[in-house]
Amino acid sequence: MIRELRPAALLVLLLTLLTGVVVPLAMTGLASAVFPFQAHGSLVAQDGKIVGSALIGQNFTAARYFHPRPSATTEPDPKDPSKTVPVPYAADNSGGSNLAPTAKALIDRVKSDLATAGSAPVPADAVTTSASGLDPDISPANATRQVARVAAARHLPEAIVSGLLAAHTQLPVLGFIGEPRVNVLELNRALDEVRAP
Amino acid sequence: MTISGWAEIALTLALILLAAWPVGLHIARVVEGERTFLQPLLAPLERGLYAAVGVDPGRGMGWQSYAAALLLLNALHFLMLYAMLRLQRFLPFNPDHLAGMSPRLAFNTAMSFVTNTNWQAYSGETTLSPGSQMWGLTSHMFISAGTGIAAAVAVSRAFARGGMETLGNFWADLTRIVLYVLLPIAIVAGLALVALGVPQTLATHADATTLEGARQTISMGPVALMEAIKELGTNGGGYFNANSAHPFENPNAWSSLLETLLVFLIPIGLTFTFGRIVGDQRQGYALLAVIGIFVVTAIAVVYAAEAHANPLLTALGVDPAQGNLEGKEIRFGIPLSVLFNVITTATSCGAVNAMLDSFMPLGGMVPMLLIQLGEIVPGGVGSGLYGLLVFALLAVFVAGLMVGRTPEYLGKKIEAKEIKLAMLAVLILPFSILGGTAWSLVLPQATASLGNAGPHGLSEMLYAYSSATGNNGSAFAGLSADTSWLDTTLGIAMLLGRYAFLVPVLALAGSLAAKVKVPASGGTFPTHGPLFVGLLVGVIVILGGLQFMPVLSLGPLAEHFVLFAGKTY
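Residues numbered from 1 in each chain as written. Chains lettered and ligands numbered in written order. Predicted model: local features only at pLDDT ≥ 70, side-chain atom pairs only at ≥ 80, totals over all residues.

**What to know about the overall build of chain A**
Stage number 1. When helices and strands are tallied, chain A shows 6 helices and 7 strands.
Stage number 2. When the helices and strands of chain A are listed from N to C terminus, the series reads α-α-β-β-β-β-α-β-α-α-β-β-α.
Stage number 3. Radius of gyration (C-alpha) of chain A: 23 Å, far over the 16 Å computed for a compact globule of 197 residues.
Stage number 4. Considered along the principal axes of its C-alpha atoms, chain A spans approximately 80 × 45 × 40 Å.
Stage number 5. The burial tally for chain A puts 44% of its 197 residues in the buried class. (Helix = DSSP H or I, 4+ residues; strand = E, 2+ residues; numbered from the N terminus. Rg over C-alpha atoms; globule rule 2.2 N^0.38 Å. Buried ≥ 20, exposed ≤ 12 C-beta atoms within 10 Å, placed from the backbone.)

This is the structure in structure tokens:
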């Protein structure tokens, strides 16, 4: 045992240096040089200001924007740091609801969200929280139900909003890899570009 | 279930097989010190490491020395990580000035990473600096994976020839695996992940002003390399709290497919490595067939469970077409969520791209059962292979009892000593999983951590001890795991699950290595045909699975029936 102490200590140090310092730092430099946009978080800017990341969902509540899925993320309560308060799409504290399918809290939450969700059947993603709480996407069915509201709030013909939605709907590659989805931030940014006719 | 969903799953499994074959053979060449295409580039580094450390890679080690070297290196690495986590405040690359971890959380986290478990009682983005994530966690991901593979290689060698006194050199095995297998694949896969959208930066966050004028702080960091080795080494510890469900760890369907492939690459590849080391590829194919039967069955059951919407929500007027979507991401949908979570629990990876706590009762039961089987189909990198070999010995022992012959596996006679050591290892699973769960369920300070009530609460606790003992690391994450009881006992469960299993297995390998290799005769039970595959599947189900049936009936099975009867908690 004593005989192996020296190689154990030295090898742990050297391998940590290699795999924990040299390679990660080299990788950071390389990634930044080859794929600078992705390496720094796919940040999107508007008029020189960062408005978010193309990959991270953000909360929209105004009628003139498409709304994302509900989010279960939280932040520490400013009044009492040992407790948390719900803050949807808190991109510095990811997480899901972790509610069981038999949890009364889940059923109650969905019931209250359904009250404002329009006629049944409601697409499931409109009333369920995602695993990360930062899901950037909604389903095309969920988005389609919001077209009339968004068009009315912006005084735009529904056809224009529908057209934008269709242009921002991503379909599965080759028909089976991935899911049909709509990136809410991208769609809403495109909406803001449209001037009323 | 949809045809396109199954097509996605079938495509991924086919790609895994295609990729695992050359990787498995590459590992066999690397650990035997043969020339590979990476040698011109990395051989000087390898020689430099041996010289600096002062070891002779050709010196063989008996099983005691091999085990001692392995345990010593792991113990020192554990202490190093514990110190780093406690002293985080004073270490570089900590721009947000995050404080050190509490002693109990640092113990739990260091144990979690040295044992290849990667249980996360902490939340990555709020607790750890980029520095801690890199030299603390990422380095452990490489070295704990290398440790597991080295041990599996040592055990495989025991079957290769007769009359051996040594199992190889641990220092050389570990160094070669890290240099020639883990690093190159992780670097290439890490770059591919960056291309797909995973960040790799020393910045900790970006401040955004949303379109509605709110402030959003977006956490990031050196994620891509950690993500690659986290999957490749079946580690599973995410940079972020939400693990591979976080869009920065797993931005789209392509990244999910790539990560799924990386998780299975080495555990599946090692069946080919084993075949080559023992000089009979059919032996590896038989193990692969056993793994395939469990994995495909598990995917089918979980897919069927999750494609079915929660009946309580359907009754309220929610469209059932999208399946059980609570705790899942739109970009993965049901098929990729099911595939990812089955693959990461069939191995001891434990990464998640959907929240298992919100899976349907049967959808959550199968991942739990895959862990309880002992993380052997195919299990973690290395640990899965030596675990499966233990069950293979028990299977030939059962077959031997049936016909009254001394059992043999690959020409090595299996006698009382070997079976005792095999059972000693296997009994750790029920001891730690059932014992830990039962003890916790009667302690108020433990049940206070439960995030859900009713039978699901029992499932949460059972899952925690299964995951820790199986060195998996995934969770029914509603459980608030950072308490002194859970941090301590789950840390001990990880320790037992890793080393109380590994040491008897290395002793077993040492005993087998010394035996003569008996040539096959007409009376030898062939261990490469369908009969052996069926027998091994049966032994795993009966020995590994059946002991957990009673508790699974009280947890997920009971929840399944009350759910469809419309009861909530």
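**Observations regarding the packing of helix α3 (residues 63-86) of chain B against helix α4 (residues 103-114) of chain B**
All names here are of chain B.
Stage number 1. Relative orientation of the contacting elements α3 and α4 amounts to 140°, with a least axis distance of 9 Å. If you check the angle between α3 and α4, you find them oblique. By crossing handedness, the relation of α3 to α4 is classed as right-handed. On the side of α3, the interface is formed by N74, H77, F78, L81, Y82, L85 and R86, while α4 contributes A106, F107, T109, A110, M111, F113 and V114.
Stage number 2. Of the residues contributing to the contact of α3 with α4, the split by class is 10 nonpolar, 3 polar and 1 charged. (Axes fitted to C-alpha atoms, helices over the stretch in contact; angles between N-to-C directions. Parallel < 35°, antiparallel > 145°, perpendicular 65-115°, else oblique. Left-handed = near helix turned anticlockwise from the far one by under 90°. Contact = placed C-beta atoms within 7 Å. Nonpolar A, V, L, I, M, F, W, Y, C, P; charged D, E, K, R; others polar.)

**Considerations on the environment of B:F159**
Stage number 1. You can see B:F159 is positioned in the loop between α6 (130-157) and α7 (170-196).
Stage number 2. Distance in space between the C-alpha atoms of B:F159 and B:L193 is 39 Å, their sequence separation being 34 residues.

**A look at the domain arrangement of chain A**
Stage number 1. Parsing chain A into structural domains produces domain 1 (2-39) and domain 2 (44-193).
Stage number 2. Each of domain 1 of chain A and domain 2 of chain A has a C-alpha centre, and the two are 39 Å apart. (Domains from an automatic or database assignment.)

**Side note on the sheet that holds strand β7 (residues 181-183) of chain A**
Residue and element names in this part refer to chain A.
Stage number 1. On the basis of which strands lie adjacent, the open sheet formed by 3 strands has the order β5-β7-β6 and antiparallel pairing. What marks the edges here is a single partner per strand, and that holds for β5 (137-138) and β6 (169-170).
Stage number 2. Pairing between β5 and β7: 2 bridges, direction antiparallel. Looking across to β7, one finds that D137 is bridged to N183. (Pairing = 2+ DSSP bridges.)

**Considering the nonpolar core**
Stage number 1. Among the nonpolar cores identified, the biggest contains 212 residues, and B:L182 and B:A509 are the most heavily contacted of them.
Stage number 2. If you tally residues by element for this core, the top one is α7(B), at 18 residues.
Stage number 3. Counting only domains with at least three residues in this core, you end up with domain 1 (2-39) and domain 2 (44-193) of chain A.
Stage number 4. Setting aside chain neighbours within four positions, we find B:L182 in contact with B:F142, B:A145, B:G146, B:I177, B:I229, B:L232 and B:G233.
Stage number 5. Counting residues in hydrophobic clusters, the runner-up holds 15 residues, among them A:I138, A:V150, A:V182 and A:L185. (Core = buried A, V, L, I, M, F, W, Y, C linked by C-beta atoms within 7 Å.)

**Overview of helix α14 (residues 383-403) of chain B**
Residue and element names in this part refer to chain B.
Stage number 1. The terminal C-alpha atoms of α14 lie 31 Å apart, and with 21 residues this matches the ideal 30 Å at 1.5 Å per residue to within 8%.
Stage number 2. Among the 21 residues in α14, 15 count as buried, and that is most of the element.
Stage number 3. After α14 finishes, the residue G404 shows a positive phi value of roughly 75°. (Expected span 1.5 Å × (residues − 1).)

**Focus: the interface of chain B and chain A**
Stage number 1. With 103 residues of chain B at the interface, the matching set in chain A holds 92 residues.
Stage number 2. Per-element accounting of the side of chain B that touches chain A gives the leading share, 8 residues, to α7(B).
Stage number 3. Its residues assigned to classes, the side of chain B that touches chain A shows 57 nonpolar, 34 polar and 12 charged.

**A look at the pairing of strand β1 (residues 43-46) of chain A**
Residues and elements named next belong to chain A.
Stage number 1. Where β1 lies against strand β2 (residues 49-53), 4 bridges are found, and the strand directions are antiparallel. Among the inter-strand pairings, A45 is bridged to a residue of β2, identified as I50.
Stage number 2. Hairpin remark: β1 followed by β2, antiparallel, with 2 residues in the connecting loop; positive phi at D47, about 50°.

**Remarks on the pairing of strand β1 (residues 205-209) of chain B**
Stage number 1. Of the two faces of β1(B), the one holding B:A206 and B:A208 is buried and the one holding B:H205, B:D207 and B:T209 is not buried anywhere.
Stage number 2. Two successive antiparallel strands, β1(B) and strand β2 (residues 215-219) of chain B, enclose a turn made up of 5 residues, where B:G213 displays a positive phi of approximately 90°.

**A look at the environment of A:P157**
All names here are of chain A.
Stage number 1. You can see P157 is positioned in the loop between α4 (140-154) and α5 (158-167).
Stage number 2. Residue classification places P157 among the exposed positions, given that 12 C-beta atoms sit within 10 Å.
Stage number 3. When the C-alpha atoms of P157 and P81 are compared, they prove to be 47 Å apart, with 76 residues separating the residues in sequence.

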